[in-house]
Number of protein chains: 2
Amino acid sequence: MYNPNNPELKSWVEVPEGSDFPIQNLPFGVFKTEYLEAGAGIAIGDYVLDLVFIQEHGYLDGLGLPNGIFNQPFLNDFIGLGRSKTSEVRTKISQLLEENCGDLRDNKADKTLALIPMEEVEMLLPIQVRDYTDFYSSEQHAFNVGSMFRDPKNALMPNWKHIPVGYHGRASSIIASGTPITRPNGQTKEDNQDSPVFGPTKRLDFELEMAFITCKSNELGEAITIDNAEDYIFGMVLFNDWSARDIQKWEYVPLGPFLAKNFASSISPWIVTLDALEPFRIPGPQQDPEVLDYLKYEGDKNFDINLDVFIEPDGAEETKVSSSNFKFMYWNIAQQLAHHTVNGCNINVGDMYGSGTISGETPDSYGSMLELAWKGTKPLKMSDGSERKFILDNDTVIMRGYGEKNGVRVGFGEVKTKVKPAKQ
Amino acid sequence: MYNPNNPELKSWVEVPEGSDFPIQNLPFGVFKTEYLEAGAGIAIGDYVLDLVFIQEHGYLDGLGLPNGIFNQPFLNDFIGLGRSKTSEVRTKISQLLEENCGDLRDNKADKTLALIPMEEVEMLLPIQVRDYTDFYSSEQHAFNVGSMFRDPKNALMPNWKHIPVGYHGRASSIIASGTPITRPNGQTKEDNQDSPVFGPTKRLDFELEMAFITCKSNELGEAITIDNAEDYIFGMVLFNDWSARDIQKWEYVPLGPFLAKNFASSISPWIVTLDALEPFRIPGPQQDPEVLDYLKYEGDKNFDINLDVFIEPDGAEETKVSSSNFKFMYWNIAQQLAHHTVNGCNINVGDMYGSGTISGETPDSYGSMLELAWKGTKPLKMSDGSERKFILDNDTVIMRGYGEKNGVRVGFGEVKTKVKPAKQ
């Protein structure tokens, strides 16, 4: 049977060395051009394959796809077809782009119209996000934050190793890579102040996360078992959970972060399918104490995905500030979804679920400025000689991620966001 | 100028004594009948005025409404027309139903088709809820909970009188009155247990709230000032924020309630417009310490709305367990929305914003079983002789609310929800 993840596959579309988008990836996104307001595409090398065109010209005939399924501003309807159907589409596209297939390759007119150079498109938010949940599933991150703000000897809360702790976030302010954010205003109160003051956050931070997107609904009242959980997950993106640490500190007890987070979260525009991530599965950490039955799982549910963060000061070169990996998750995505629904909570097509900040074990693998510069005590040096404790106005934060195995690199592209000064 | 809130107005539609729906109310909802899958309606007395029919038959001509605006499963598009347009529609309907207007009254055929007896309709969820936020704005509730779980001497957190504390909730599990809920399963850990156990919550609770619904968007990065906030608010509903206290206790530190809340929240199906609530404005409490500038407001922004909660054991009469009032809010809805967006967070048409549990000053006005039965130490007596510390399987919880002034009662109807036993 044709295996779209076969490392031997090559495409007739040129894929430059080091590209995130070889034929083994084929992530889905929504793009805009001078001529098309919004449509679905697939990334291949330095091109976007226009799925609207491909469907209209019969290349997907026989798959039983609804007409116009790609001619929409969001992928929700497409991913809502379910994993077996969307997998079929990815396989069909792989076959079409495979070096020995002449169907599109040898049709010069169609090929020219179907493959759009990436520099000619603008990538949009691919999903109309319904509900958004953020987890807190990296042990090192929870330990670091607990050490800083509570007690290094009891850094993890008593529930942390029993529950994939999560909380609800704001769906409306999830934006695509390239959309600038505005430094948020808010209330803060330092320990030495008697009352809170109002103004721009002084401690703007990123959080290096990944997020999965669901493609299937359950009925309210019905739990999703851990064995079925991945059938509800279409794919993943890079996720920058912007945070204002001073606002967070003052507001978050007892009901959790609110304005410290909901001013923006940025995602990478290409959704890498769970199918494409299959080769990168690895075992997760030993979970001790033993978890409750509904959280027990079989097989490899962690993923080996390298994650890097860069800061680009205004007019200067970018500087890498962190190298982490998605494999550092204590709780995996199947556990997260099983937990989320064990009380009967219903999920929908287009929900987004953040991992929580992903910090590795070494200080250069931490996933936030809070941890990297350790509450401002260890400023990071930039390429232009300046230092950062937190993110400054006009800085651009970039996150990139990829898995690499058997000579194949499956990447996420990047999420890149510039910070504009606060509104007066 | 015609004033639809004029207490002298009477309708040619019979409005029984004590009805929540006189001509001065005219709340909007979405209903279903044997012949119509979903359409918008207005409540008048014991009837639903079918707005799909009313528009199609020309009674709203001249208002410039889009065709089919009421022939939809949700009111989002309608309320998104903005407050001045939706106010115009309410005024026009008021004029049509006013006792001296013969346009519909004297058209027997149309009248029969336009007015549907309430017992012949099923009321649906009126809004496709986008984001949902829950506040925590009743001082007595925050004090009660702080006293029970922390320290009666420092029951309010230091931020509570500076910030309208809020957190994000789950939009997907907001359901209409009449939809039963299932007792949620989850992790709990009692103080005398070494590790958590899994099973149905033993402390299922209601929370008596109201919620407002937004009808206008702001751009990400742009705050909504407190003076403009009410222009973004279409109307209000009763809101039962179901809670599982044992699950909440174990999970909520440090990121707030999650599975303890997201299994269901129930709302009353009729949205009472902010216009109809005008007569019930009253001053709010003196806020001391003084709030920051962006939270300072002018005019009366609290509302005098009586709120009652009843428990109906299976097969028995209902028993009133609480009489509270929306006027007990420390933070008003304009302050909540100004705070929510002061960091640039964007809101959308169809967002829902819960008030938080509304507890009065006396023990019989508390808004949750946790407070009414004071952590199970003061069980409540039901009409059938049984006692309640929390909500039992097959109990039905009912909330009702209304304002009353100058002989006019503007009511919300009810939110009524039966609890089914947990899934095995």
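Since the model is a prediction, treat every value here as computed from it, not as a measurement.

Peer 1: Can you tell me about the overall build of chain A, naming the residues and giving the values?
Peer 2: Of the regular secondary structure elements, chain A holds 10 helices and 26 strands. Here the C-alpha atoms of chain A give a radius of gyration of 22 Å, agreeing with the 22 Å that 2.2 N^0.38 yields for 424 residues. Here the C-alpha coordinates of chain A stretch approximately 70 × 55 × 35 Å along the principal axes. Per-residue burial over chain A gives 63% buried out of 424 residues. Contacts in chain A between residues at least 24 apart in sequence constitute 72% of all its contacts with a sequence separation of at least 6. Counting every atom, chain A has about 16,000 Å² of accessible surface; 46% of that belongs to carbon and sulfur. Once the 39 positive and 61 negative side-chain charges of chain A are each reduced to a mean point, those two points are 5 Å apart.

Peer 1: Can you break down the sheet that holds strand 21 (residues 319-325) of chain A residue by residue, with the values?
Peer 2: All names here are of chain A. The strand order 9-26-25-20-21 describes an open sheet built from five strands, whose pairing is mixed. With partners counted over all chains shown, the strands left at the sheet margins are strand 9 (181-182) and strand 21, one partner each. Of the pairings in the sheet, the one linking strand 9 to strand 26 (residues 408-420) comprises two bridges and is parallel in character. Its bridge partner lying in strand 26, Thr182 is registered against Lys420.

Peer 1: I'd like a description of the packing of aromatic side chains, backed by residues and values.
Peer 2: By the definition in use, this model includes 26 aromatic pairs over all chains. Their ring planes at 85° and their centres at 6.4 Å tell us that Phe78 of chain A and Phe234 of chain A sit as a pair that is edge-to-face. Placement of the pair is Phe78 of chain A in helix 2 (residues 76-79) and Phe234 of chain A in strand 14 (residues 233-240), with a sequence separation of 156 residues. There is no split in this pair, since Phe78 of chain A and Phe234 of chain A are both buried. Ring geometry for Phe212 of chain B versus Tyr353 of chain B: centroids 4.9 Å apart, planes at 15°, classification stacked. Placement of the pair is Phe212 of chain B in strand 13 (residues 208-214) and Tyr353 of chain B in strand 22 (residues 352-354), with a sequence separation of 141 residues. Here Phe212 of chain B matches Tyr353 of chain B in class, with each residue buried. Among the aromatic residues, ring-to-ring pairing joins Phe28, Phe70, Phe78 and Phe234 of chain A into one connected group. Above the face of the Tyr232 of chain A ring, Lys216 of chain A is positioned so that its terminal group lies 4.7 Å from the ring centre.

Peer 1: Describe the side chain of Thr201 of chain A, and please don't skip the residues or the numbers.
Peer 2: The residue Thr201 of chain A is located in the loop between strand 11 (197-200) and strand 12 (204-205) in this model. On the accessibility criterion, Thr201 of chain A (3% relative accessible area) is buried.

Peer 1: Which residues make up the domain arrangement of chain A, and what values go with them?
Peer 2: Residues and elements named next belong to chain A. Split by domain assignment, chain A resolves into domain 1 (28-124) and domain 2 (132-420). Placing a centre on the C-alpha atoms of domain 1 and another on those of domain 2 gives a separation of 30 Å. Opposite the 18 residues of domain 1 that make contact, domain 2 presents 17 residues. Taken over both partners, the interface formed by domain 1 and domain 2 buries close to 1,500 Å², and the fraction arising from carbon and sulfur atoms is 62%.

Peer 1: Describe in detail the pattern of salt bridges, supporting the description with residues and values.
Peer 2: One pass over the structure, following the stated rule, counts 52 salt bridges over all chains. Ionic pairing is found between Arg170 of chain A and Asp351 of chain B, a salt bridge with its closest N-O pair at 2.8 Å. On the criterion of chain membership, the pair formed by Arg170 of chain A in the loop between strand 7 (166-168) and strand 8 (174-176) and Asp351 of chain B in the loop between helix 9 (333-341) and strand 22 is interchain, its members lying in two chains. Judged on exposure class, the residue Arg170 of chain A and its partner Asp351 of chain B are both buried.

Peer 1: Kindly report on unusual backbone geometry, identifying the contributing residues and their values.
Peer 2: A cis amide bond links Val253 of chain A to the next residue, Pro254 of chain A, at an omega of 10°. Inspection of the secondary structure assignment puts Pro254 of chain A in the loop between helix 7 (245-251) and strand 16 (265-267). The omega torsion of the bond from Asp288 of chain B to Pro289 of chain B falls at 10°, within 30 degrees of zero and hence cis. Of note in this structure, Leu26 of chain B is not a glycine but carries a positive phi near 55°. Looking at the secondary structure, you find Leu26 of chain B in the segment before strand 1 (28-32). Its identity as a non-glycine residue notwithstanding, Asn406 of chain B has a phi of 50°, on the positive side.

Peer 1: With reference to specific residues and values, describe the sheet that holds strand 20 (residues 306-312) of chain B.
Peer 2: Strand pairing within a sheet occurs via backbone hydrogen bonds; the two strands may be parallel or antiparallel. All names here are of chain B. With mixed pairing, the five strands of this open sheet are ordered in space as 9-26-25-20-21. The open sheet has two edge strands, strand 9 (181-182) and strand 21 (319-325), and neither has a second partner. In terms of strand pairing, strand 20 meets strand 21 through six bridges, oriented antiparallel. Paired with Val309 across the bridge in strand 21 is Ser322.

Peer 1: Please set out the relation of the copies chain B and chain A residue by residue, giving values where relevant.
Peer 2: Placing chain B over chain A gives an RMSD of 0.0 Å and needs a rotation angle of 180°, together with 0.0 Å of translation along the axis. Between the two chains, the operation in question is that of a two-fold axis. Proximity to the rotation axis, assessed at the C-alpha, singles out Gly256 of chain B in chain B; its C-alpha lies 2.2 Å from the axis. Of the interface residues in chain B, 100% have counterparts in chain A that sit at the interface too, so the contact is made through matching surfaces.

Peer 1: Pulling in residues and values, what's your account of helix 3 (residues 83-97) of chain A?
Peer 2: For helix 3 of chain A, which comprises 15 residues, the first-to-last C-alpha distance of 21 Å matches the rise-based estimate of 21 Å (1.5 Å per residue) to within 8%. Taken together, the buried positions of helix 3 of chain A are occupied by Arg83, Thr86, Ser87, Val89, Arg90, Ile93, Ser94, Leu96 and Leu97 of chain A.

Peer 1: Describe a negative patch on the surface, naming the residues involved and giving the relevant values.
Peer 2: Residue and element names in this part refer to chain A. A surface patch of like charges, here negative, comprises Glu14, Glu34, Asp46, Glu119 and Glu120. Residue placement: Glu119 occurs in the loop between strand 4 (115-117) and strand 5 (122-124). Accessibility expressed as a relative area gives 68% for Glu119, which makes it exposed.

Peer 1: If you had to explain the interface of chain B and chain A to someone new, which residues and values would you point to?
Peer 2: At the interface, 59 residues of chain B touch 59 residues of chain A. Both faces considered, chain B and chain A share a buried interface measuring about 5,400 Å² in area, 61% of it formed by carbon and sulfur atoms. It is Arg170, Leu255 and Phe258 of chain B that lose the most area in chain B upon contact with chain A, and together they represent 15% of the buried surface on that side. At the junction of chain B with chain A, the criterion picks out six salt bridges. Linking chain B with chain A are 32 residue pairs in polar contact (both at pLDDT 80 or more), by the criterion used here. Breaking the side of chain B that touches chain A down by element, the ones donating at least two residues are strand 6 (132-135), strand 7 (166-168), strand 10 (185-188), strand 11 (197-200), helix 7 (245-251) and helix 9 of chain B. Top contributing element to the side of chain B that touches chain A by residue count: strand 7 of chain B, with three residues.

Peer 1: Just give me the short version of the pairing of strand 21 of chain A, but keep the residues and values in it.
Peer 2: Along a regular strand, successive side chains alternate from one face of the sheet to the other. Of all seven residues that make up strand 21 of chain A, five are buried, and the element is covered over most of its length. With antiparallel pairing between neighbouring strands as the criterion, strand 20 (residues 306-312) of chain A and strand 21 of chain A make up a hairpin whose turn holds six residues, including Gly315 of chain A at a positive phi of roughly 75°.

Peer 1: Describe the environment of Phe328 of chain A, naming the residues involved and giving the relevant values.
Peer 2: Residue and element names in this part refer to chain A. You can see Phe328 is positioned in the loop between strand 21 and helix 9 (333-341). In this structure Phe328 comes out as partly exposed when scored by relative accessible area, which is 28%. Remark: the alpha-carbon pair of Phe328 and Asp304, spanning 24 residues in sequence, is separated by 8.6 Å. Not counting the four nearest positions on each side in its chain, Phe328 is found in contact with Ser138, Glu139, Ile358, Ser359 and Gly360.

Peer 1: How would you summarise the side chain of Thr214 of chain B if you had to cite specific residues and measurements?
Peer 2: Residue and element names in this part refer to chain B. Within the secondary structure, Thr214 sits in strand 13. Relative accessible area serves as the criterion here: at 0%, Thr214 is assigned to the buried category. Only 2.7 Å separates the side chain of Thr214 from the backbone oxygen of Asn348, close enough to count as a polar contact.

Peer 1: Report on helix 6 (residues 139-149) of chain A, specifying residues and quantitative values.
Peer 2: Along helix 6 of chain A, eight of the 11 residues are buried, which leaves the element largely enclosed by surrounding structure. Elements in contact with the buried residues of helix 6 of chain A: helix 10 (369-372) of chain A.

Criteria and cut-off values
- Residues numbered from 1 in each chain as written.
- Chains lettered and ligands numbered in written order.
- Predicted model: local features only at pLDDT ≥ 70, side-chain atom pairs only at ≥ 80, totals over all residues.
- Heavy atoms only, no water.
- Helix = DSSP H or I, 4+ residues; strand = E, 2+ residues; numbered from the N terminus.
- Rg over C-alpha atoms; globule rule 2.2 N^0.38 Å.
- Buried < 20%, exposed > 50% of the residue type's maximum accessible area, 1.4 Å probe, protein only.
- Contact = heavy atoms within 4.5 Å.
- Areas by Shrake-Rupley, 256 points an atom, 1.4 Å probe, with all protein chains shown as cover.
- Lys, Arg positive; Asp, Glu negative; His and termini not counted.
- Charge placed at Lys NZ, Arg CZ, Asp CG, Glu CD.
- Pairing = 2+ DSSP bridges.
- Phe/Tyr/Trp six-rings, centres within 6.5 Å; stacked < 30°, edge-to-face > 60°.
- Lys NZ or Arg CZ within 6 Å of the ring centre and 35° of its normal.
- Domains from an automatic or database assignment.
- Buried area = accessible area lost by both parts, 1.4 Å probe.
- Salt bridge = Lys/Arg side-chain N within 4 Å of Asp/Glu carboxyl O.
- Least-squares fit on C-alpha atoms with pLDDT ≥ 70 in both.
- Expected span 1.5 Å × (residues − 1).
- Patch = residues over 30% accessible without salt bridge, like charges linked within 9 Å, V, L, I, M, F, W, Y side chains within 5 Å.
- Polar contact = N/O pair within 3.5 Å; in protein donor to acceptor, adjacent residues only side chain to side chain.

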